[in-house]
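A structural walkthrough
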Amino acid sequence: MATTRRPLIAGNWKMNLDHLQSIAFVQKLAWALKDKKFNEQEVEVAVFPPFTDLRSVQTLINADDLPLQLGAQDVSMHDEGAHTGDVSGVFLKALDCQYVIVGHSERRADHHEDDEVCTSKVQAALRNNLVPILCVGETAEDLEQYGASKVPVDQLTAVLSSVKKGAEMVIAYEPVWAIGSGQAATPDQAEEVCATLRDTIRSLHGDEAAQSTRILYGGSVKSGNIAGFLKRENIDGALVGGASLDVDEFVAIARFPHHVSVD
Ligand code: PGA
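Basis of the calculations
- Residues numbered from 1 in each chain as written.
- Predicted model: local features only at pLDDT ≥ 70, side-chain atom pairs only at ≥ 80, totals over all residues.
- Heavy atoms only, no water.
- Salt bridge = Lys/Arg side-chain N within 4 Å of Asp/Glu carboxyl O.
- Helix = DSSP H or I, 4+ residues; strand = E, 2+ residues; numbered from the N terminus.
- Buried < 20%, exposed > 50% of the residue type's maximum accessible area, 1.4 Å probe, protein only.
- Contact = heavy atoms within 4.5 Å.
- Pairing = 2+ DSSP bridges.
- Axes fitted to C-alpha atoms, helices over the stretch in contact; angles between N-to-C directions.
- Right-handed = clockwise from strand over helix to strand, strands pointing away.
- Near = heavy atom within 4 Å.
- Polar contact = N/O pair within 3.5 Å; in protein donor to acceptor, adjacent residues only side chain to side chain.
- Areas by Shrake-Rupley, 256 points an atom, 1.4 Å probe, with all protein chains shown as cover.
- Nonpolar A, V, L, I, M, F, W, Y, C, P; charged D, E, K, R; others polar.

Tallied over the entire structure, the rule returns 16 salt bridges. Among the salt bridges present, the one from Asp-74 reaches Arg-107, with a minimum N-O distance of 3.3 Å. Of this pair, Asp-74 sits in the loop between strand 3 (69–72) and helix 3 (89–94) while Arg-107 is found in helix 4 (residues 105–110), placing the two residues 33 residues apart along the sequence. Judged by relative accessible area, which is 10%, Asp-74 ranks as buried.

What follows is the structure, given as structure tokens:
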């Protein structure tokens, strides 16, 4: 991992924990981070609760100045108006969200979000000063048919071609076959795709963007495999699903620079 990019460990809670549970969870998380002398200068940690929890978690973070960033799991492509069920980036910004996840494979599958939708959502995020975390990744069938890089590179290219240069974005490489399967990619596999994604950023948005953009790996990340990914030059953090719902696991992941054994 390049030292100039501060690693980001992002906890995607998905549709888990209601607002009361989220309060108890974040309190425990804050204690555990403190107890383990977590250093926020070294690693950035962000949580992505369901929309209904955001206000509760924001209040906790602000009241106690917790070393956590807040993000949402999705954002509307519209800022206001007749869009029943959508959540505006304006509202997310007002809740002190820093990040929004865009194009998670579960949304691509469940809500038919294609590259065009993802592009509009990334634009909505940027318009509202939210940093989009754009998820890209291939399915098992894609992997068999095209190899690992083609689909994620195509997904990234579609969005970056329509987004203004110079805006901060985070990219998350999440092979769909690795999500929730317990079968993570190997650090070698992940590094190869992440390096190709960085080359794509370079060719579309230039060297500075390629140098500064953080590229995360996601898919069955846990405390036992995190260090292997973060040792790699082009992997700057992780998007963590299941393991982000276990306080001890998530804290151990966030403290990856202190792991003695790396795999
Ligand atoms: P997982 O999920 O860590 O449970 O595999 C990752 C994700 O979907 O972002």
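Now for helix 7 (residues 150–160). Residues separated by three or four positions in an α-helix point in the same direction, a consequence of the helix having 3.6 residues per turn. Of the positions making up helix 7, those classed as buried are Val-151, Pro-152, Val-153, Gln-155, Leu-156, Val-159 and Leu-160. Turning to helix 7, the residues buried within the fold contact helix 4, helix 5 (115–127), strand 5 (131–136), helix 6 (140–146), strand 6 (170–173) and helix 8 (187–205).

Turning our attention to the sheet that holds strand 2 (residues 44–48). Sheets are built from strands paired through backbone hydrogen bonds, the pairs being either parallel or antiparallel. With parallel pairing, eight strands are arranged side by side around a closed barrel as 1-2-3-4-5-6-7-8. Between one strand axis and the next, the sheet turns by 25° as a mean value, whatever way the strands run. With two bridges connecting them, strand 7 (residues 214–218) and strand 8 (residues 237–240) associate as parallel partners. Opposite Tyr-217, over in strand 8, you have Ala-238 as the bridge partner. Along the sheet, helix 5 contacts strand 4 (99–102) and strand 5; its crossing angle with strand 5, the most-contacted strand, is approximately 160°.

Going residue by residue along strand 4, you find Tyr-99 and Ile-101 tucked away on one face and Val-100 and Val-102 tucked away on the opposite face as well. Note: strand 3 against strand 4, two bridges, orientation parallel. Residue Ala-72 lies in a different strand from strand 4, and its bridge partner there is Val-100. The handedness of the strand 3 to strand 4 crossover, carried by helix 3, is right-handed. Looking at chain direction, strand 4 and strand 5 are connected through four bridges and run parallel. For Val-100, the partnering residue across the bridge sits in strand 5 and is Pro-132.

Near the ligand, the surroundings consist of 13 residues, among which Lys-14, His-104, Glu-174, Gly-180 and Ser-220 are the closest. Between the ligand and the protein, one listed contact pairs an oxygen atom with a side-chain N or O atom of His-104 at 2.7 Å. At 2.6 Å, a backbone N or O of Gly-180 approaches an oxygen atom of the ligand. Coverage of the ligand by the protein amounts to 95% of the 280 Å² it exposes when considered alone. Residue classes in the shell around the ligand are distributed as four nonpolar, seven polar and two charged.

Turning next to unusual backbone geometry. Not every positive phi belongs to a glycine, and Asp-96 is a case in point at roughly 65°. Among the structural elements, Asp-96 can be located in the loop between helix 3 and strand 4. A relative accessible area of 40% means that Asp-96 is categorised as partly exposed. You will see that His-112, though not glycine, has its phi angle at about 55°, which is positive. Looking at where His-112 falls in the secondary structure, it is placed in the loop between helix 4 and helix 5.

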